[in-house]
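Listed below are the residues making up each chain.
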Amino acid sequence: MSLTYDDGLDSQLEYAVPALDRLGWKATFFLTEENMEKQVDRWRAVAREGHEIGDHTLHHHCRLAGYSTKRFVREEIAPTERFLNAYFGVRRRTFAYPCGTIELGAGGQREGEERYIDALRPVFTAARAADGDPNDPRLVGRQRYQLQAIAPTYDRDDPQLAIDYLRKALGWGRWAILIFHDVVPTRLGDGDTSVTSHDRILGWIAQTPLWCAPMGEVFSHLTGSVQ
Ligand SMILES: [Zn+2]
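Residues numbered from 1 in each chain as written. Predicted model: local features only at pLDDT ≥ 70, side-chain atom pairs only at ≥ 80, totals over all residues.

What about the overall build of the chain?
On a plain count of helices and strands, the chain comes out with 8 helices and 8 strands. Its C-alpha atoms give the chain a radius of gyration of 17 Å, near enough to 17 Å, the size a compact globule of 227 residues would have. Considered along the principal axes of its C-alpha atoms, the chain spans approximately 45 × 40 × 35 Å. Burial analysis of the chain (227 residues in total) assigns 40% to the buried set. Considering only intrachain contacts with a sequence separation of at least 6, the fraction spanning at least 24 residues in the chain is 71%. (Helix = DSSP H or I, 4+ residues; strand = E, 2+ residues; numbered from the N terminus. Rg over C-alpha atoms; globule rule 2.2 N^0.38 Å. Buried ≥ 20, exposed ≤ 12 C-beta atoms within 10 Å, placed from the backbone. Contact = placed C-beta atoms within 7 Å.)

This is the structure we're talking about:
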């Protein structure tokens, strides 16, 4: 299973990274340049510890109907990659779709998804979508640009949804990817995970025979590709 944290939020540096460090686990942090540029030294320290840094676009736009593949690459992917390459080293990274939007440009759903994947394929090893069942390891190579995940505490700050999802993944022999945003002492709104819930989810994982590793590492392991 993989723990992923989106948007490069300060609360992740304050609460999520120390919780992971206590367990000795590595996770994936999908950064947007806007949020983390003031904290770049702290994020570099996180990367040096062995956590994975992924790309979450420059502006985190949720509505993408106005984009062509070329324009999206030029405005959202290329500048973020230049920034991440400068601070975290040149490499092929993983990507997370902002807002879980997987269609790019106007037209039908299928064309939109293909257009987005065309933008991602030359740059990234894999991409994480949202709202789907845990990933079948045999299909991960083919579905590398639409890996499924859930944000279990987004609507409700309750660890049970994450635990149920991980149980399902264990039962099915699948790869579960969890998404978190702010991890804070007190939940203030949608998307926040309380430190208590976060600790309970991590505690449950610690007692379960699960391999917890960053998304790129699990992807490489399952597909035999070099990271
Ligand atoms: Zn996001």
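Observations concerning helix H1 (residues 10-23)
Under the 1.5 Å per step criterion, the end-to-end length of H1 is 20 Å for 14 residues, consistent within 8% with the ideal 20 Å. Its axis deflected by about 35 degrees at Ala-16, H1 carries its strongest bend there, up to four residues before the proline Pro-18. Looking at the packing, one finds that the buried side of H1 touches strand S1 (2-6), strand S2 (28-31), helix H3 (40-48), strand S6 (177-180), strand S7 (183-184) and helix H7 (195-206). (Expected span 1.5 Å × (residues − 1). Bend = angle between axes of the 7 residues up to and from the residue.)

The values reported here are purely geometric and, on their own, carry no functional implication.
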